[in-house]
Amino acid sequence: AQKITQTQPGMFVQEKEAVTLDCTYDTSDPSYGLFWYKQPSSGEMIFLIYQGSYDQQNATEGRYSLNFQKARKSANLVISASQLGDSAMYFCAMRELSSNDYKLSFGAGTTVTVRA
Amino acid sequence: DSGVTQTPKHLITATGQRVTLRCSPRSGDLSVYWYQQSLDQGLQFLIQYYNGEERAKGNILERFSAQQFPDLHSELNLSSLELGDSALYFCASSVAGITDTQYFGPGTRLTVL
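Summarised in this report is the structure supplied together with it. (Residues numbered from 1 in each chain as written. Chains lettered and ligands numbered in written order. Predicted model: local features only at pLDDT ≥ 70, side-chain atom pairs only at ≥ 80, totals over all residues. Heavy atoms only, no water.)

1. Remarks on the overall build of chain B
The condition that has to hold: By definition, any uninterrupted DSSP run of H or I lasting at least four residues is a helix, any uninterrupted run of E lasting at least two residues is a strand, and each is numbered from the N terminus. To get the radius of gyration, use the C-alpha atoms; to get the globule rule, take the number of residues to the power 0.38 and multiply by 2.2 Å. Only protein chains enter the accessibility calculation, which uses a 1.4 Å probe. A residue is then buried if its area is under 20% of the maximum for its type, exposed if over 50%, and partly exposed in between. Residues are treated as being in contact if the distance between any of their heavy atoms lies within 4.5 Å. To measure how exposed things are, a 1.4 Å probe is used in the Shrake-Rupley method; for residues, cover is taken only from the protein chains shown. For the charge count, each Lys or Arg is scored as positive and each Asp or Glu as negative, with His and the chain ends excluded. Charge coordinates come from a single atom per side chain, which is NZ of Lys, CZ of Arg, CG of Asp or CD of Glu.
Of regular secondary structure, chain B possesses 0 helices and 11 strands. Mapped from its N terminus to its C terminus, chain B presents α and β elements in the order β-β-β-β-β-β-β-β-β-β-β. For chain B, whose C-alpha radius of gyration is 13 Å, the value lies close to the compact-globule estimate of 13 Å for 113 residues. Over its C-alpha atoms, taken along the principal directions, chain B stretches across nearly 35 × 30 × 25 Å. In chain B, which comprises 113 residues, the share counted as buried stands at 49%. In chain B, the share of contacts with a sequence separation of at least 24, taken over all contacts with a separation of at least 6, comes to 55%. Element-wise, carbon and sulfur atoms account for 48% of the exposed surface of chain B, whose accessible area totals about 5300 Å². Positive and negative side-chain charges in chain B, numbering 8 and 11 respectively, have mean positions lying 3 Å apart.

The following block contains the structure:
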C-alpha cells in the first residue's frame, strides 16, 4: 500500500507568491517523522524540513513551513515568496519509528515551476 | 553541499557487467543508506548500514550487495546488470539512525546499455 501520496504531479507558481504542496500519509505507527526534500534538475536531493509526529508546533525553516494536520494525516509544504531557484521536484517522505526499518518511504513527487 | 560524496557521478556500462558505486558519509555520521531512483519505481530504499553492520534491508535485488568499511565509507556492488537497473543511485547518511535526518549525496547515474 502506498504510504505517501502526493496528488499534484506538477504546479506552476508566479515568482514572489506562495505555493502549497500536498502530502498525505498512511501509517498505524504512533511515532513517525515526516520530511520534505527538494530535487533540482541537477539531480541532488536537498533536505528542507522535518516534522515529528509528537511535535506540538508546525515546523518552519526560513521560507519553508509544514502544515501538519495529524488527524487528517497530511503534511503539506508551504513555500512562501517563491523564487526562480525554487523550480524543482519536491518529495514528501516518512519514516516510521517503531519499526526496525530505518528507511524513508517517498511519495511520487511534485514538480514546481516558478514563473517570472 | 550535504557533505556526502559519491563516485562516480556517471557510469555507462553494458548488460551483464558488474559495477561498484562508492559513498563517503558526512563526517561523524555512522549510518549509510542506499536508495534507487528510477522513472517507473520512484525512490526506493535498498539497504542501510550502521557502523559497519547491515541494519535494514529494503527492495534490494540478490544481484546487488553492499558493505560499509571501518572508515565508514560504503560501496554498493551491482552485478549481472540489466537494462532495468539504469537509475540514479543515492547514498545518504545520518548520525545514528532512526531519529536522524538523512542527508543525500549527489547520486550516481547508472546507464546500462
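2. Focus on the pattern of salt bridges
Stated precisely, the cut-off is as follows: By definition here, a salt bridge exists when the distance from a side-chain nitrogen of Lys or Arg to a carboxyl oxygen of Asp or Glu is within 4 Å.
Considering all chains together, one arrives at 6 salt bridges over all chains under this definition. For Arg63(A), the salt bridge goes to Asp86(A), with nearest N and O atoms at 2.8 Å. One end of the pair, Arg63(A), is in the loop between strand E7 (60-61) and strand E8 (64-69); the other, Asp86(A), is in the loop between strand E9 (74-79) and strand E10 (88-96), with 23 residues separating them in the sequence. Classification of Asp86(A) as buried rests on a relative accessible area of 2%. Arg63(B) is the partner of Glu82(B) in a salt bridge, and the nearest nitrogen-oxygen pair spans 3.7 Å. One end of the pair, Glu82(B), is in the loop between strand E8 (74-78) and strand E9 (87-94); the other, Arg63(B), is in the loop between strand E6 (53-57) and strand E7 (64-68), and 19 residues separate them in sequence.

3. As for the pairing of E8(A)
Residue and element names in this part refer to chain A. The following threshold applies: In this description, strands pair whenever DSSP reports at least two bridges between them.
The two faces of E8 differ: Tyr64, Leu66 and Phe68 on one face are buried, but Ser65, Asn67 and Gln69 on the other face are not. Where E7 and E8 come together, 2 bridges link them in antiparallel fashion. Bridged to Glu61 within E8 is Tyr64. With antiparallel pairing between neighbouring strands as the criterion, E7 and E8 make up a hairpin whose turn holds 2 residues, including Gly62 at a positive phi of roughly 60°. Both E8 and E9 contribute to a ladder of 6 bridges, which runs antiparallel. Following the sheet pairing, Phe68 is matched in E9 by Ala75. Here E8 folds back onto E9 in antiparallel fashion, the turn holding 4 residues, of which Lys73 has a positive phi close to 55°.

4. What to know about the packing of aromatic side chains
Our working rule: Here the aromatic set is Phe, Tyr and Trp, taking the six-membered ring for Trp, and pairing holds for ring centres within 6.5 Å; pairs whose planes are under 30 degrees apart are stacked, those over 60 apart are edge-to-face, and all others are tilted.
The final tally for this structure, using the stated rule, is 15 aromatic pairs over all chains. When the ring of Phe35(A) is compared with that of Tyr50(A), the centres are 4.8 Å apart and the planes differ by 50°; the resulting orientation is tilted. Of the two residues, Phe35(A) is situated in strand E5 (residues 32-39) and Tyr50(A) in strand E6 (residues 46-52); the sequence distance between them amounts to 15 residues. Assessed through its relative accessible area of 0%, Phe35(A) is described here as buried. By relative accessible area, Tyr50(A) is classed as partly exposed at 27%. Considering the side-chain rings of Tyr35(B) and Phe104(B), the 5.3 Å spacing of their centres and the 35° angle between planes classify their relative orientation as tilted.

5. Considerations on the pairing of strand E11 (residues 108-112) of chain B
Residues and elements named next belong to chain B. Burial of the side chains of E11 is restricted to one face: Thr108, Leu110 and Val112 are buried, whereas none of Arg109 and Thr111 on the reverse face is. Pairing geometry for strand E2 (residues 10-13) and E11, over 4 bridges, is parallel. Directly across from Ile12, in E11, lies its bridge partner Thr111. Sheet topology note: the E9/E11 ladder contains 3 bridges and is antiparallel. By the bridge assignment for E11, Tyr89 is matched with Thr108.

6. Focus on unusual backbone geometry
Residue and element names in this part refer to chain B. The linkage connecting Thr7 with the following residue, Pro8, adopts the cis geometry, with an omega of -10°. In this fold, Pro8 is placed in the loop between strand E1 (5-7) and E2. A positive phi angle, close to 50°, is found at Asn51, a residue other than glycine. Inspection of the secondary structure assignment puts Asn51 in the loop between strand E5 (42-50) and E6. Positive phi, close to 80°, is recorded for Leu72, a residue that is not glycine. Its relative accessible area of 16% is what places Leu72 among the buried residues.

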